[in-house]
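Okay, here's what each chain looks like letter by letter:
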Amino acid sequence: MSDLTLSSTTSSSNVRARRGFGRVVFYLTIFVMCLMLILPVIAFFINAFAFRWFYPQFVPNEWSLQAWERLRLIPRAGDRSLEGFISLWASVPDVVSALGLSLFIGAVVTGFSIIIGLPAARALGLYRFRGKRIIEFMVITPTIVPPIAFSLGLNINFIRWDLALEAAGFPLDLSGSIIGVSIVHLVPVMPYVVLTLSGVFANYNPDFEAQARSLGAGPVRIFWDVTLPAILPGLFVAALFAFLVSWSQYLLTFLIGQGRVITLPMLLFAAAGSGNNAVIAALSLIFIAPAILILLVASRFLSGESSAVGGFGRV
Amino acid sequence: MTHLAIRGLTKRFSGQTEAAVADLNLEIESGSLVALLGPSGCGKTTTMKMVAGLLEPTAGDILFDEKSIINIAPERRGAVMVFQNYLLFPYMTIAQNVGYGLKIRKVDRAIIDQRVSEILEMVRLPGIESRRPSELSGGQQQRVALARALVVEPRLLLLDEPLSNLDAHLRFELRDLIRDIQQKMGITTVFVTHDQEEAVVLADKVALILDGRLRQYADADVFYKRPADEATARFFGGQNFISGTSANGTFEAALGSLKLPSDAPEGTGILTFRPENVRIGAAADGENTLQAKLTDKIFLGTQTRLKLAVGDDIITAIANPNDVEGYLVDQEVPLSLPPATLWVLTK
Ligand SMILES: Nc1ncnc2c1ncn2[C@@H]1O[C@H](COP(=O)(O)OP(=O)(O)OP(=O)(O)O)[C@@H](O)[C@H]1O
Ligand SMILES: [Mg+2]
């Protein structure tokens, strides 16, 4: 029912916005926003396929795949056959392994951030208790404190723990490892997850759980049958934030990864130093592709029939 | 069929000085329909949640058929609560909602479908299986919520203000429906209400709770004839309270000496009688006749309310408009208080 009222108010405000002067402003805003989003992508596309693009030319005169060849994603002009591709891809290109690692770390971080964030968000969204303000503040501190401040300290501790663990007979590397990088990604990710989900729970009526319980459902069933469907849109948005924040981490990966954990941003920054515009543009395209893909899928959840500001609503 | 016993049940929420429910004792006969009656905020929902196991009591015990269930998880108690605001799962169809309890109990799909149809027929909503809760009216949602509880044949059915969110017409209809189904299925049922008429009409026995305390637990008519205390009498519409002393079958007060029923308590106390039992004018005859002066007369439609002064005491009476048509304010009017309708509150 909350969905119903929500969508009806948005549609009626849209109708109002589409009259007279308001209508001009409305479409102008949309146009500018699209331009700001699409223009850089177009620039990347042109750059990624340009060959010798010099100043007075509005678009390049010549096109080429040299950036993609350099990234070893496409074979050289001579052997662009199936065999050529297979032999090139057989030794996994750096870009592909970096892409895979970024996806993997993003997925792991998203999963853990939800598992950690869900109970916290529930407590913050549903209950009032002493010290709640302080906890809410602590949750958002990672967005205020510069990453370099905590990551350097964290890395020293990681190294200490690694040594201690090795001495104790558990050789587990945190510093310079995927595990360490995943853990440190959780720091900037958690505020987004907890804030998004606590908003969902602020709008959630726990009596639905009591009702299911009274009808005979145990705690696990209640989670799957009652809680999850109610928070699913919000959960999806939180997961999206978590993934994108992890996806775009450079500094933390660099500091904790010790140059041994090569995610996509690491390649991108290395290429940026090299000054080859075409390669930078090609890498950037690969880097933003998942983000755009996810946003397209997400737009279905963020608007339309099911809304992210879900919960069942307190009746 | 389950006998429910509540012993010394108490709930004090953290940070609150007053207990929401204080030392509640109730025995509810197997198969009976009992009303928990009380004003808003008196602890009715809290009591129901404790019986259902959804809230931990501070003290006390709850017994089903003489066995304590206080340590049994709510999902295994077999006490199903229907909440004040229906709480139909919005993303499930009506059939899925109603069949939810059976699905949890791992009943066969075909049997679930059949039972759901039967129970929906019983609450007079046949054929709405595939609809969504948001497509139903409040009254329909309430009936679906009832069906969802009934379909699992609970040991105990707890209805939290099942009628308070409905308009008057639906309220009467659903009231009769609940009574019908409860009689047919014989499920021990406790229902919460703040409407004394609803409690009286629907319930076998009524438990009146005021300020978190049980004031009286009895058959409905007792609340009118033999109220436990002044607050109880007032809750049921009592308006006449006169101080005095009861001794040897008579009540001595400023307005005179009145004959009492033989079972009236003795000692200093308060005399009470219901406005509708005061006889006025030509009807005033026989025992306990007093001379009064009419001070106020208000026409209420089907009734007329009169204020009558006897010395310093004011008596409120309710009469048939036709019977008191001729009386004017300030006129001297005889009234009588039949002994059988009097009661003394000594608490
Ligand atoms: N979770 C809670 N925490 C603190 N106090 C509570 C809580 N639930 C109820 N109370 C308090 O306990 C008292 C009884 O509440 P309860 O909901 O049982 O009343 P009720 O009789 O059902 O009222 P109504 O007719 O309005 O539904 C109220 O004073 C309320 O403020
Ligand atoms: Mg209540």
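Residues numbered from 1 in each chain as written. Chains lettered and ligands numbered in written order. Predicted model: local features only at pLDDT ≥ 70, side-chain atom pairs only at ≥ 80, totals over all residues. Heavy atoms only, no water.

**Focus: the overall build of chain A**
- What chain A contains, in helices and strands, is 13 helices and two strands.
- In chain A, which comprises 315 residues, the proportion classed as buried is 39%.
- By sequence separation, contacts in chain A at least 24 residues apart represent 67% of the contacts at least 6 residues apart.
- For chain A, the computed accessible surface area is about 17,900 Å², with 71% contributed by carbon and sulfur atoms. (Helix = DSSP H or I, 4+ residues; strand = E, 2+ residues; numbered from the N terminus. Buried < 20%, exposed > 50% of the residue type's maximum accessible area, 1.4 Å probe, protein only. Contact = heavy atoms within 4.5 Å. Areas by Shrake-Rupley, 256 points an atom, 1.4 Å probe, with all protein chains shown as cover.)

**Describing the pairing of strand β17 (residues 304–310) of chain B**
All names here are of chain B.
- By the criterion of burial, β17 is predominantly enclosed, with five of the seven residues buried.
- Examined bridge by bridge, strand β16 (residues 289–299) and β17 share six bridges and lie antiparallel to one another. Along β17, the bridge assignment pairs Leu-294 with Leu-308.
- The turn linking β16 back onto β17 is made up of four residues, and Gly-301 within it adopts a positive phi angle of 105°.
- Two strands pair when backbone bridges link them, and β17 and strand β18 (residues 313–319) are joined in this way by seven bridges, in the antiparallel orientation. What sits directly across from Leu-308, in β18, is Ile-315.
- Between β17 and β18, which follow one another and run antiparallel, lie two residues, and Gly-311 among them has a positive phi close to 60°. (Pairing = 2+ DSSP bridges.)

**What about the domain arrangement of chain B?**
- One can read the domain layout of chain B as domain 1 (4–225) and domain 2 (238–346).
- Each of domain 1 of chain B and domain 2 of chain B was reduced to a C-alpha centroid, and the two centroids are 40 Å apart. (Domains from an automatic or database assignment.)

**Considerations on unusual backbone geometry**
Residues and elements named next belong to chain B.
- A positive phi angle, close to 45°, is found at Asp-23, a residue other than glycine.
- Assignment of secondary structure puts Asp-23 in strand β2 (residues 21–28).
- Judged by its relative accessible area of 45%, Asp-23 falls in the partly exposed class.
- A positive phi is found at Tyr-86, a non-glycine position, where the angle reads about 65°.
- Along the chain, the position of Tyr-86 falls in the loop between β6 (79–82) and α2 (94–104).

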